[in-house]
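# Observations on the model geometry
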Amino acid sequence: MTNPLADPYFILNKVYGGGAFLKQAIADTPIEEINRARTVKIAYGVLENDLYLEYCIRAFAPKNPKLPVRIVLKISVYMLLFLGKKKYMVTDNAVSLVKKLGKGGAAGFVNAFLRAFEPEKVKLPEGELAALSVKASYPMFALSRLVKAYGRDTAEKVALYRAEGVCVRFACSEEKMNGYLAEAEHLQTPFADTCIFRNFARGEGYDEGEYTFQSVGSVAIAAGIAPCENLLDACAAPGGKSVLLSEKCAKVTSFELHPHRAALIESYAKRMHRENIAVVCRDSSVYDHAFAEKFDAVLVDAPCTGYGVVSENPDIKFFRREEDIAALAKTQRAILSACAGYVKKGGYLYYSTCSVFEEENDAVVGEFLAENPEFSPEEADSPLGHLRTRYGLQFLPHMSLGAGFYFCKMKRKA
């Protein structure tokens, strides 16, 4: 049996040292199957609590250790604080790992650090927001925006929210679905075919298309779109919304910029037995006259900072920077503007992001509407908890079953 710190280290080293996204790092790292659940939990937990773990290290280390040692310490401190592991066990394995990594010169430091570490001696920084930023491991630039937009109490709830489980959408008979539901404790969402499980083991039913893993936010966005003959999903990968929308739209065209991600959509559609999806590899931010006024409805689920889904993708907090907001908003406006020309007169344009920042949501829509008077906002609704904004709906994780996203519906004048 391997050192329990080893597999999490090799995953996290690809994130911290190589810039890999966490899910891809897990997929690309050979790990001990018998302990996969523990390894994945540690990897997610370390990134979820990155700022606090970094703060703990700096509180007990006179100098910031080099990256490999720092990763080992983050894993160790996480296991002590959040998994309740014994200090001697964590210390012995941490020292053993740094030696195996060829960092034997740091073994004494790691040993001394972990023996001296006491969580009660870690004092949060002065200032209410600074302390919350560290406690929640939520970057200050993002936290400040939450406070400004939603108030202090709501900002704290959003920053401290942690995922409650995995969301599963069923695409089988009610009888089969009830069989799955009877096997595991679950939380029913407002959507009859979608539930959240604390634990759900992937089995043959996944490969056979009986169910899929899809966020409740993705399901809610698809639910907000009216049935139509011909729909364009302009930023479609990995394909969850295209597949779901293909059940109520006669034909779905899915745009995706990158060929390898376009292949994901095709694979998804095949697994879920959907044959009315056409995948087109192209840049949605560049207008193509060949698609002019071709679609009854267009969904622009635009690339964004992703701060509405950090509980599922904690590496977002590590990779995203404040300057990304303005850069992404520019891309969002370009995609929305280009795709608006694909909507038939009298048709609908839907805009969504998995962001909680106004600059990526209402601000983008407001600028678009000012420049495109042939479009007007339409009232949208959802059974999932939300706030109403000037132009659309804002969903926040703590009130929307973990889903943070934005949704807006617009109509092109006939």
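Residues numbered from 1 in each chain as written. Predicted model: local features only at pLDDT ≥ 70, side-chain atom pairs only at ≥ 80, totals over all residues. Heavy atoms only, no water.

Take the packing of helix 8 (residues 128–136) against helix 10 (residues 152–160) next. Contact geometry of helix 8 with helix 10 gives a least axis separation of 9 Å together with a crossing angle of 20°. With respect to helix 10, the element helix 8 is oriented roughly parallel. Crossing angle aside, the handedness with which helix 8 passes helix 10 is right-handed. In this structure, helix 8 uses Glu 128, Leu 129, Leu 132, Lys 135 and Ala 136 to contact helix 10, whose residues at the interface are Arg 152, Glu 156, Ala 159 and Leu 160. The residue makeup of the contact of helix 8 with helix 10, split by class, is 5 nonpolar, no polar and 4 charged. (Axes fitted to C-alpha atoms, helices over the stretch in contact; angles between N-to-C directions. Helix = DSSP H or I, 4+ residues; strand = E, 2+ residues; numbered from the N terminus. Parallel < 35°, antiparallel > 145°, perpendicular 65-115°, else oblique. Left-handed = near helix turned anticlockwise from the far one by under 90°. Contact = heavy atoms within 4.5 Å. Nonpolar A, V, L, I, M, F, W, Y, C, P; charged D, E, K, R; others polar.)

The buried count for strand 13 (residues 405–412) comes to 7 of 8 residues, which makes it a mostly enclosed element. Across 4 bridges, the pairing between strand 10 (residues 375–378) and strand 13 is antiparallel. Its bridge partner being in strand 13, Pro 377 is matched across the sheet by Met 410. In terms of strand pairing, strand 12 (residues 393–395) meets strand 13 through 3 bridges, oriented antiparallel. Bridge assignment links Phe 395 to a residue of strand 13, and that residue is Phe 405. (Buried < 20%, exposed > 50% of the residue type's maximum accessible area, 1.4 Å probe, protein only. Pairing = 2+ DSSP bridges.)

Here we come to the UniProt feature "binding site: S-adenosyl-L-methionine" (unreviewed entry) in the chain. The positions that UniProt labels "binding site: S-adenosyl-L-methionine" (unreviewed entry) are, in the present scheme, Cys 235, Ala 236, Ala 237, Pro 238, Gly 239, Gly 240, Lys 241, Glu 256, Asp 283 and Asp 301. Setting aside residues no more than four positions away along its own chain, Pro 238 makes contact with Arg 261, Leu 264, Ile 265 and Tyr 268. Inspection of the secondary structure assignment puts Gly 239 in the loop between strand 5 (228–233) and helix 14 (240–245). Setting aside anything within four residues of it in sequence, one finds Gly 239 in contact with Ile 265 and Tyr 268. (UniProt positions renumbered as here; feature names shortened; annotations may be inferred.)

Glancing now at the packing of helix 1 (residues 6–16) against helix 3 (residues 36–48). One can describe the packing of helix 1 onto helix 3 by two numbers: an axis separation of 9 Å at closest approach and a directional angle of 40°. Here helix 1 is positioned oblique relative to helix 3, judged by the angle of their axes. Read as a crossing pair, helix 1 and helix 3 show a hand that is right-handed. Residues Asp 7, Pro 8, Ile 11, Leu 12, Val 15 and Tyr 16 of helix 1 touch helix 3, and the partners they reach there are Thr 39, Ile 42, Ala 43, Val 46 and Leu 47. Looking at the contact of helix 1 with helix 3 residue by residue, the classes come out as 9 nonpolar, 1 polar and 1 charged.

With that settled, consider the packing of aromatic side chains. Counted by the stated rule, this structure contains 34 aromatic pairs. Plain terms: the ring middles of Phe 170 and Tyr 211 are 6.2 Å apart, the flat faces sit at 65° to each other, and that makes the pair edge-to-face. Separated by 41 residues along the polypeptide, Phe 170 in strand 1 (residues 166–170) and Tyr 211 in strand 4 (residues 211–213) bring together distant segments of the chain. The exposure class assigned to Phe 170 is buried, which follows from its relative accessible area of 2%. Centre to centre, the rings of Tyr 180 and Tyr 211 are 5.2 Å apart; their planes meet at 80°, and the pair counts as edge-to-face. (Phe/Tyr/Trp six-rings, centres within 6.5 Å; stacked < 30°, edge-to-face > 60°.)

This paragraph deals with the pattern of salt bridges. Inspection of every chain in the model, using the stated rule, returns 23 salt bridges. Arg 261 serves as the salt-bridge partner of Glu 256, at 3.6 Å between the closest nitrogen and oxygen. For Glu 256, a relative accessible area of 9% translates into the label buried. Here Lys 344 ties to Asp 296 by a salt bridge, and the two come within 3.4 Å at their closest N and O atoms. Remark: Asp 296 occurs in strand 8 (residues 295–301) and Lys 344 occurs in strand 9 (residues 343–353); sequence separation between them is 48 residues. (Salt bridge = Lys/Arg side-chain N within 4 Å of Asp/Glu carboxyl O.)

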